[in-house]
Amino acid sequence: MMKLAVASLLAGSAAAFAPSQQCAVKTSLDAMPERMWNKMVDKNERSKSMPFLPRPINLDGSYVGDVGFDPFYLSSIDKNFAGFIQPPSWEETEGLPTLYWMREAELKHGRVAMLAWFGWLATDGAFGPVPLRFPGAVYQEVPSSFAAHDIMVSQGSLVVMLSLIGLIEFCTGAVLVEVSKGESDREAGDFKLDPLNFLKGKSKEQIDTMKLKELQNGRTAMLAFAGVVTQAGLGGTEFPYLVPYPNVADVTW
């Protein structure tokens, strides 16, 4: 009887170390859904401007000026932006894809920044002995472009400008509604505004070159305007907007 008990214990111990015959259970990693990251990047190609990062999936070079610069991968977000200009409950539309909306916004900001940079410097007298301003003491006596904002708000002129901008935004938004409904194949940012016929009779390569120049100048202007405002805010309110530190040794970094 004792021999039988010992044999049973030994058999049980051996079974404990034997390989399991059960089917392998899937791990938690295998059961996870596909990562969103895999849909946002092209893992087989690097960004031209940031070669240490994979190329954003939508930045395939089809747009003029596309060098793959999108370190936060905002262009890869799958979103319909038509709801920003027309509530989706009004009617069903094909929508506005992310890249189209972002190129529209980039061109608009770049164009505004080019005008703003030129206007800021012109009213401070950067392009001649006399500042370019509206006639009247209320405009001529403004000390600088940096001070103009608060003065124009208190005086009321800025309300007129904002109303005009609002009207322009409302009117130009109509073409985006047409694009979202599939009624127009308009390119992003194209308002057919070419009064001097710069693009008339030009080839596609020449037109793309002009578009690239506008885009690059707009990007530069956005940086330049931010720099001018920053310098003026630090005290350099006169062209060339150098901050007047009386003694460099007194500057605290």
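Up top is the structure.
Below, the structure is looked at part by part. (Residues numbered from 1 in each chain as written. Predicted model: local features only at pLDDT ≥ 70, side-chain atom pairs only at ≥ 80, totals over all residues. Heavy atoms only, no water.)

Moving on, we come to the environment of K211. Here K211 shows up in helix α8 (residues 204-233). Spatially, the C-alpha atoms of K211 and G65 are 8.3 Å apart, while their sequence positions differ by 146 residues. With residues near it in sequence (within four places) discarded, K211 still touches V64 and E187. (Helix = DSSP H or I, 4+ residues; strand = E, 2+ residues; numbered from the N terminus. Contact = heavy atoms within 4.5 Å.)

Taken as a whole, this structure holds eleven salt bridges when the rule is applied. Two residues, R103 and E106, come together in a salt bridge whose shortest N-O distance is 3.3 Å. Of the two residues, R103 and E106 are both situated in helix α4 (residues 98-123); the distance of three residues between them amounts to about one turn of the helix. Looking at R103, the relative accessible area reads 11%, which means it is buried. A relative accessible area of 24% places E106 in the partly exposed class. One salt bridge in this structure joins K181 and E183, with 3.5 Å as the shortest N-O distance. With a relative accessible area of 55%, E183 lands in the exposed category. Each of the salt bridges in this network shares a partner with another, and the network as a whole consists of D42, E45 and R55. (Salt bridge = Lys/Arg side-chain N within 4 Å of Asp/Glu carboxyl O. Buried < 20%, exposed > 50% of the residue type's maximum accessible area, 1.4 Å probe, protein only.)

It is worth spelling out unusual backbone geometry at this point. Most peptide bonds take the trans configuration, and most residues that are not glycine carry a negative phi. Across the junction of F239 and P240, the peptide omega takes the value 10 degrees, indicating a cis bond. In this fold, P240 is placed in the segment after α8. Notably, K192 is not glycine yet its phi reads approximately 55 degrees, a positive angle. Among the secondary structure elements, K192 is positioned in the loop between α7 (157-180) and α8.

A few words now on the side chain of S76. Secondary-structure assignment places S76 in the loop between β2 (54-56) and α4. A polar contact of 2.8 Å, which involves the side chain of S76, links it to the backbone oxygen of M40. Every residue in contact with S76, bar those within four places of it in the chain, is listed here: M40, P56, I57, N58 and D70. (Polar contact = N/O pair within 3.5 Å; in protein donor to acceptor, adjacent residues only side chain to side chain.)

What follows is about α4. Its 26 residues give α4 an end-to-end C-alpha distance of 37 Å, which sits within 8% of 38 Å, the value for a rise of 1.5 Å per residue. For α4, every residue scored as buried is listed here: T98, L99, Y100, R103, E104, L107, G110, A113, W120, L121 and A122. Close packing links the buried residues of α4 with α6 (145-155), α7 and α8. G125 sits one or two positions beyond α4 and adopts a positive phi of about 80 degrees. (Expected span 1.5 Å × (residues − 1).)

At their nearest, the axes of α4 and α8 sit 7 Å apart, and the two run at 50 degrees to each other. Judged by the inter-axis angle, α4 sits oblique to α8. For the pair α4 and α8, the sense of crossing is left-handed. Seen from α4, the contacting residues are R103, E106, L107, H109, G110, R111, A113, M114, A116, W117, W120 and L121; seen from α8, they are E214, L215, N217, G218, R219, A221, M222, A224, F225, V228, V229 and A232. Residue composition of the contact of α4 with α8, grouped by class: 15 nonpolar, four polar and five charged. (Axes fitted to C-alpha atoms, helices over the stretch in contact; angles between N-to-C directions. Parallel < 35°, antiparallel > 145°, perpendicular 65-115°, else oblique. Left-handed = near helix turned anticlockwise from the far one by under 90°. Nonpolar A, V, L, I, M, F, W, Y, C, P; charged D, E, K, R; others polar.)

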